[in-house]
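# Architecture and fold: a report
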Amino acid sequence: FCIKKKKVVLFDTNIKVLDGIRKGKIPFKEENATSYLKKFKKNIFLSSEIKILSSCKFIIVCIGTPVDKKTLLPELKPFLKFFYNLKNLISKEQHIIIRSSVYIGSIKKIIKITNSKNITYCPERIVQGKSLVELPKLPQIVSGNSKSSINEVVNLFKKICKKIILTTIDEAELIKLFSNAFRYVNFSIANEFYMICEKL
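Now for a look at the structure at hand. Every value quoted in this text rests on a predicted model; they were computed, and no experiment measured them.

## Topic: the pairing of strand β3 (residues 58-61)
Where burial is concerned, the two faces of β3 differ: the one with Ile59 and Val61 is buried and the one with Phe58 and Ile60 is not. Of the strand pairs in this sheet, β3 and strand β4 (residues 95-98) are connected by 4 bridges, and their pairing is parallel. Across the sheet, isoleucine 60 pairs through a bridge with isoleucine 97, a residue of β4. As for the winding sense of the linkage, the β-α-β connection from β3 through helix α3 (residues 77-86) to β4 is right-handed.

Structure representation (structure tokens):
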């Protein structure tokens, strides 16, 4: 979005990460991100205060959903806590776009928590480190709880994606999980074959 000359606010509670970004350091592996950050820094605003989100038309949520080591179930409490904190800050004109991996029914929980008619689930399906390459190429899934919000978000993603696919929220949640599982199988089977060869 910065490349398309849109103003972007990066909100994160991790002050160390924000300080790194201010110094031009990317906190994760991403090809060409450092050069893009330097080039489009003037369009990026950083904050560790959640109230900054009240000034944003679109709020794109990319919070990780870790898995509990004992139960192997997703830990949604920290994820859902964010929406409890957000609900008192947002207005009817703002749109919440969720990109995170969630299990079936999670988006309906978020709709209930926020009581917002502008919730969309637009799962990201990119390989880690390849988002700048894959985002323009991969079709973007868009689902939501209102036609007006879906239309607004479709117009937003058209600025960075070539193709948009509209689905129901349940379908989008399944697409994200199936896509993750498919990629995981592809990576893990290559590792499994390697280990078999090493053993032999």
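## Considering the sheet that holds strand β5 (residues 119-121)
Spatially, the 5 strands line up as an open sheet ordered β3-β4-β5-β6-β7, and their pairing is mixed. The two strands at the open ends of the sheet, each matched to only one other strand, are β3 and β7 (164-166). Between one strand axis and the next, the sheet turns by 25° as a mean value, whatever way the strands run. As defined by bridge partners, β4 adjoins β5 across 3 bridges and the pair is classed as parallel. Each bridged residue has a counterpart across the sheet, and for isoleucine 98 the counterpart in β5 is tyrosine 121. Sitting on the sheet, helix α6 (residues 147-157) touches β3, β4, β5, β6 (140-144) and β7, and the angle it makes with β6 is about 160°.

## Considerations on the packing of aromatic side chains
Taken as a whole and judged by the stated rule, the model has 5 aromatic pairs. Taken together, a centroid distance of 5.2 Å and an interplanar angle of 70° make the contact between phenylalanine 79 and phenylalanine 83 edge-to-face. One end of the pair, phenylalanine 79, and the other, phenylalanine 83, are both in helix α3, 4 residues apart, so they sit about a helical turn from each other. Taking the relative accessible area as the measure of exposure, phenylalanine 79 reaches 1% and is therefore buried.

## Quick look at the nonpolar core
Of all hydrophobic cores here, the largest spans 23 residues; its most connected members are Phe79, Phe83, Leu86, Ile96, Ile98, Ile107 and Ile110. For this core, the secondary structure elements donating two or more residues are β3, α3, β4, α4 (106-114), β5 and α7 (169-199). Here this core gets 5 residues from one element, more than from any other, and that element is α3. Ignoring sequence-local partners within four residues, the contact set of isoleucine 110 consists of Phe79, Leu80, Phe83, Ile98 and Ile119. Judged by nonpolar contacts, the second largest core, of 10 residues, contains Cys122, Val153, Leu156 and Ile160.

The rules behind each value
- Throughout, residues of each chain are indexed from 1 in the direction in which the sequence is written.
- Totals for whole chains, interfaces and linings use every residue, but because this is a predicted model, local features are given only for residues with pLDDT of at least 70 and side-chain atom pairs only at 80 or more, for both listing and counting.
- Water and hydrogen atoms play no part in the side-chain values, which are based on all heavy atoms of the structure.
- Note on exposure labels: buried denotes an accessible area under 20% of the residue type's maximum, exposed denotes more than 50%, and partly exposed covers the range between, all computed with a 1.4 Å probe on protein chains only.
- Each helix corresponds to a stretch of at least 4 residues labelled H or I by DSSP, and each strand to a stretch of at least 2 residues labelled E; elements are numbered beginning at the N terminus.
- Strand pairing follows a simple DSSP-based rule, namely that at least 2 bridges must link the two strands.
- Here the term right-handed applies to a crossover when the path leading from its first strand over the helix to its second strand runs clockwise, the strands being oriented away from the viewer.
- In this analysis, axes come from line fits to C-alpha atoms, helices being fitted only over the stretch in contact, and the angle between any two N-to-C directions falls in the range 0 to 180 degrees.
- It only takes one pair of heavy atoms within 4.5 Å for two residues to be counted as in contact.
- Any pair of Phe, Tyr and Trp rings, taking the six-membered ring for Trp, is counted once the centres come within 6.5 Å. Such a pair is stacked with planes under 30 degrees apart, edge-to-face with planes over 60 apart, and tilted for the rest.
- As used here, the term nonpolar core means buried Ala, Val, Leu, Ile, Met, Phe, Trp, Tyr and Cys residues forming a set that is joined through side-chain atoms within 4.5 Å.

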